[in-house]
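# Structural overview for review
Below are the chains, spelled out letter by letter.
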Amino acid sequence: MRAVGITRYGDASVLERWEVPVPVPGPAEAVVKVHYAGINFMDVHTRQGKYATSSTYRVSLPVTLGMEGAGEVMSCGPGVDDVVVGERVAWCLSWGSYAQYALVPVARLARIPDELGFDMAAASIFQGCTAHYLVNDVARLGPGTTCLVHAASGAIGQLLIQMAKCHGARVMATTSSPAKADVARSLGADDVFAYDEGHFADAVLEVTEGRGVDVTFDSLGAPTLRDSMRCTRTRGLVVNYGSVAGSVRDLDPIELGEAGSLILTRPRLADYIANRGELQRRADDVFSGLLRGQWRVDITGEFTLDTVEQAMADLERRRQIGKAVVRI
C-alpha cells in the first residue's frame, strides 16, 4: 500500500513516500481502509519532532503521518467484537492516516452515521471533539458568559465560536486579516479584533467595560498568552490548548495572581476521550450537530498523498481558513 511518513524530523523536505505491506491487526486493533484523512497542526508538530518525548502523544520514528481519518473497517484483531468488518468509522490521535490502510486501536474508533460522508467525518472528528470538551467540560460556557477565541478562522476556532453561541455565550474573536474576520463574523462572533501586537486585549477590555472575558481560548501561545491573561476577568480562566506560534517558556505562576487570580490550564484531548464510550459520546454530539445544521465545518481544500506537502505548508504558514483533507 502507499503511505507518507518520516524517518527523521525536520521541514517538509523530510516527508517520504513508501510502498509498505498492509498492516495486520493485533488484539484490540482494527485495520481500516482510509477514505479521507484530516490535516492538522499535530501532523506538522509530529514532523518537527515535538512529540518525540511526549508522555501523552509519544510518537517514535519511523512513523506514517496523519492522526485523523475516516474509512471502512477491513479486518479486526483477535478478540475484537465491538466493531465489525464493513463498519464506517472515524478516529483521531492514532497516527498512520496518510496511507491506504491504517492500523487503529479500537478504543480510538467512533462510528459514523450513515448520512455523514467520510470527508466530513475526517474533517470534524479531531477538531469537533476538541471544541466539544473545551466548551462543555473545561470552560462550561452558558447563557450570559463571555469568551475570547484566538485563531478564529481556523478549524477549531470556527467550531468554538459556533458551539459557544449554541450555549448562549457572547463570543469575541481575533484574526490576522479582514477575510478571516469576515469568517468569524459569519459564524456568529459578536466582536472581532485584529491581534495588533497585543492590542486586542485593550479592545476586549473596552467592549467589556474593563471587566474582561470569563474564558479565553488561546491556541497560539507565546505571541498572545500574556495579553490573553490581561483581558481575562479576575478569577477567570485562560485555556492554552496549543502553541502553534511558539511555546511560552518563562511564565512565573505569580503572574497569574498579579493578573487577577487567574486559572491557567493546558488541557489535551486524550484525557477527555479516555475510553471509547467517551469518544463516541463526543463524536455523536459533533456529528449530529453537523447533520442538524447546528454548526458547520468548511472543507476548504482537498489534497492527495502526492500533494500533502502543500497542505501542510499552507497550515504551517497559517494561511489556511477552515479545514483541509487528504483524499486517499
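Preceding this section is the structure that the text describes.
The text that follows walks through the structure, step by step, so that each part is easy to find. (Residues numbered from 1 in each chain as written. Predicted model: local features only at pLDDT ≥ 70, side-chain atom pairs only at ≥ 80, totals over all residues. Heavy atoms only, no water.)

### Quick word on the environment of S97
- If you trace the backbone, S97 turns up in the loop between β6 (88–92) and β7 (101–105).
- The buried category is assigned to S97, whose relative accessible area is 0%.
- Sequence separation between S97 and L315 is 218 residues; the distance between their C-alpha atoms is 17 Å.
- Of the polar contacts made by the side chain of S97, one reaches the backbone oxygen of E68; its length is 3.3 Å.
- At 2.9 Å, the side chain of S97 and the side chain of W91 are in polar contact. (Helix = DSSP H or I, 4+ residues; strand = E, 2+ residues; numbered from the N terminus. Buried < 20%, exposed > 50% of the residue type's maximum accessible area, 1.4 Å probe, protein only. Polar contact = N/O pair within 3.5 Å; in protein donor to acceptor, adjacent residues only side chain to side chain.)

### Quick word on the sheet that holds strand β4 (residues 63–64)
- What the three strands build is an open sheet, ordered β2-β1-β4; its pairing is antiparallel. Two strands lie at the open edges of the sheet, namely β2 (16–19) and β4, each paired on one side alone.
- Where strand β1 (residues 2–6) lies against β4, two bridges are found, and the strand directions are antiparallel. Counted as the bridge partner of I6 is V63 from β4. (Pairing = 2+ DSSP bridges.)

### Structural notes on the packing of helix α1 (residues 41–48) against helix α9 (residues 308–316)
- Relative orientation of the contacting elements α1 and α9 amounts to 100 degrees, with a least axis distance of 9 Å. Comparing the axis directions of α1 and α9 gives the class roughly perpendicular. Between α1, through F41, D43, V44, R47 and Q48, and α9, the contact on the second element is made entirely by M312, L315 and E316.
- Its residues assigned to classes, the contact of α1 with α9 shows four nonpolar, one polar and three charged. (Axes fitted to C-alpha atoms, helices over the stretch in contact; angles between N-to-C directions. Parallel < 35°, antiparallel > 145°, perpendicular 65-115°, else oblique. Contact = heavy atoms within 4.5 Å. Nonpolar A, V, L, I, M, F, W, Y, C, P; charged D, E, K, R; others polar.)

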